[in-house]
Amino acid sequence: MAADRRDWLQDRRGLRTADTGGPGPWPLEDDLRGTSAGVGVLGADLRYRFANPAYCRITGEAPADLAGRSPSALAERYIGRPSLLAEVLADGVPRTWVTGPGGRCHTTCLRLENRGTVTGVLCIVIETPVPGLYEELELARARLAAADEAVERIGTSLDEVATCRELAEFLGPRLAEAAAVDVLPPPVKSGAPPPTPTASAMRRTAGTGDVELLDDDGRRRPRTESALVRAVETRLPATEHGDGDRVTVLAVPLTAAPDRGGAVGPLIGVVLLARVGSPFSENEIAITRHAARRAAVSIAHAREFATEQGKAVELQRALLTEPGKPHPNLQFATRYLPVGSSNLVGGDWFETVRLHYGRTLLVMGDVMGHGVEAAVEMNTYRSMLRDVAAADLPPHRVLRQLDLAIADTMARPATCLLVRVDPARGLGSFSSAGHLPPVVFTATGSAELVDVPAGPPLGTGLGGYELVTRELTPEDTLLLYTDGLVERRDEDIDVSLERLTSVRLPCTAPMEEMVDAVVRELDAEHAEDDVALLAARIRRRRPQGSEEQPVQGHNR
């Protein structure tokens, strides 16, 4: 028996004891009766097998006829509900938590085993001399867990609306029945002072749950307005409590990081929470403030990013001006579509250059990379091309001269496609520096790829560009484009080009409509990269004496 009483010290998965469900006294009864810690033993059926006097005193269990009874509802406040004890029996993982009124006790439950057979659960209940200590530790742990989750869920992108939605969805289900985020609009101009922070200037950006607790027919309820105004004025959390409907509203300001030397950063907005019943506790307000600060920093970064992207796009649009006008004997239309909603700037560009004898040189290029640097180098390519093209060389020799000139500047490599259109002879001369082949929409409406050998990209200094000539008629529409129009992630380029050549367009359609149709059919508005398009068609000769008006390109 002595050996049986001591072998429980050596088991890693709980206590190994004699059969707790068997007849007779439970082993170790004499050793545990005098301890100050409450010790209760339940069998595999979760009925009492043993409990010492301290356990009965702490949990309120009557010691008489205790064996064979199930724990009372009062005792469950200390040792947990039967479902929790069943989990301990099932997985053998000890459970420890704060229990009792005011968190004055610390309970641990362990599984009992006897030579590999599960025999019951041992519950140890210890009173702490500092009643609120474990409760405070639990609250601190809850705040830390919430802060950690907020880092994962709030500010996952440089999108202001998405961040506001993430904040509302994080706080709403956790703390309230309704959550909403109202923000001030950003400054109209970069560097301008932020708008005056007033409740009326804020706009609703995100909401979740029963927002009617906050609003009435789209307008803030008086208690919502009152809490929001106080939060804006004091830059501190503010609460309002309803009388009849027992609705509590919490408003917490969203403040960005303070400027140098400042104590409080600029106000961005306010997060609003509402629920019926108990007021918000200090712990809940602390969780809301932490989440609001994180959201405010993310929103400030999103706005700064949007401002810088706006500058970059404006710069590129200034550089990507309307191409030079071709001869009146050529119709053309253009488009430039920055990638996605972020307007991330790239180096896509196009140009038309008038040559002698009614000929026009069409150009489509793509500088590798994105950002302002790519846009600036795109303008370098464009300027050099105009100088080289002025010599009226064949397209393949223009590329050769441009390649040598760019190689000396150490600029980024770029692909480029040149097409010299001669309407009088009905010919197109093509040459490519690593660019995707152009497409010709014929009189039947079908699309054909022009087989142009792709030489090395410009800027490598390798040369080796070839010339291809093809007949062009007034019924043919020539389309030059950058890779963003057709390329898709995880798709072979041949498949991408097949999607383009499968488009059917009427040869009599106006140029603008044809370009719009290509954009629509290939879903270029949602492309994964910038898209630049240039479409051209030889104009039919008009009867003698009729006036010819040049058709200007259109860049959207």
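Residues numbered from 1 in each chain as written. Predicted model: local features only at pLDDT ≥ 70, side-chain atom pairs only at ≥ 80, totals over all residues. Heavy atoms only, no water.

**Student:** How would you sum up the packing of aromatic side chains? Please name residues and give values.
**Tutor:** Scanning all chains against the criterion turns up 1 aromatic pair. Here the aromatic rings of Tyr48 and Tyr55 are separated by 5.8 Å at their centres, their planes lie at 75°, and the arrangement is edge-to-face. You can call Tyr48 buried: its relative accessible area is 3%. (Phe/Tyr/Trp six-rings, centres within 6.5 Å; stacked < 30°, edge-to-face > 60°. Buried < 20%, exposed > 50% of the residue type's maximum accessible area, 1.4 Å probe, protein only.)

**Student:** I'd like a description of the sheet that holds strand β12 (residues 247-255), backed by residues and values.
**Tutor:** Here we have 5 strands laid out as an open sheet, ordered β8-β7-β13-β12-β11, and antiparallel in their pairing. Only two strands of the sheet have a single neighbouring strand rather than two, namely β8 (203-209) and β11 (238-241). The average undirected angle you get between the axes of adjacent strands in this sheet is 15°. Set on the sheet, helix α7 (residues 160-175) makes contact with β7 (178-183), β8, β12 and β13 (267-276); between it and β8 the angle comes to about 35°. (Pairing = 2+ DSSP bridges. Helix = DSSP H or I, 4+ residues; strand = E, 2+ residues; numbered from the N terminus. Axes fitted to C-alpha atoms, helices over the stretch in contact; angles between N-to-C directions. Contact = heavy atoms within 4.5 Å.)

**Student:** How would you explain the sheet that holds strand β19 (residues 439-441) if you had to name every residue and give the values?
**Tutor:** One open sheet holds the 5 strands; their spatial order is β14-β23-β22-β19-β20, and the pairing between them is antiparallel. The open sheet is flanked by β14 (330-337) and β20 (447-449), the only strands paired with a single partner. Going across the sheet, the axis of each strand differs from the next one's by a mean of 20°, ignoring polarity. Bridge analysis of strand β22 (residues 477-481) against strand β23 (residues 531-538) gives 4 bridges, and the strand direction is antiparallel. Bridge assignment links Leu478 to a residue of β23, and that residue is Ala536. Contacts between helix α12 (residues 493-501) and the sheet are confined to β19, β20 and β22, with β20 contributing the most and set at about 145° to the helix. Packing of helix α13 (residues 511-521) onto the sheet brings it into contact with β14, β19, β22 and β23, and relative to β14 it is tilted by some 35°.

**Student:** With reference to specific residues and values, describe a negative patch on the surface.
**Tutor:** On the surface, Glu177, Asp210, Glu212, Asp216 and Asp217 cluster together to form a negatively charged patch. Within the fold, Asp210 resides in the loop between β8 and β9 (215-216). According to the relative accessible area criterion, Asp210 is partly exposed, its value standing at 37%. (Patch = residues over 30% accessible without salt bridge, like charges linked within 9 Å, V, L, I, M, F, W, Y side chains within 5 Å. Areas by Shrake-Rupley, 256 points an atom, 1.4 Å probe, with all protein chains shown as cover. Salt bridge = Lys/Arg side-chain N within 4 Å of Asp/Glu carboxyl O. Lys, Arg positive; Asp, Glu negative; His and termini not counted. Charge placed at Lys NZ, Arg CZ, Asp CG, Glu CD.)

**Student:** I'd like to hear about α13, residue by residue, with values.
**Tutor:** All buried positions along α13 are accounted for by Met511, Met514, Val515, Ala517, Val518 and Val519. Residues of α13 that are buried in the fold lie against β14, β19, β22 and β23. Taken from the residues just after α13, Asp523 is the one with a positive phi, measuring 50°.

**Student:** An account of the pattern of salt bridges is needed here, citing residue identities and associated values.
**Tutor:** A full pass over the atoms with the stated rule returns 27 salt bridges. Arg204 is the salt-bridge partner of Asp215, the closest N and O atoms lying 2.7 Å from each other. Placement of Asp215 in strand β9 and of Arg204 in strand β8 is noted, with a sequence separation of 11 residues between them. Among the residues examined, Asp215 registers a relative accessible area of 12% and is labelled buried. Across the salt bridge formed by Arg335 and Glu512, the nearest N and O atoms sit 2.9 Å from each other. One end of the pair, Arg335, is in strand β14; the other, Glu512, is in helix α13, with 177 residues separating them in the sequence. Beyond isolated ion pairs, a larger network of salt bridges with shared partners links Asp182, Arg204, Asp215, Arg220 and Glu225.

In short, the description is geometric, and any link to function would need to be established separately.
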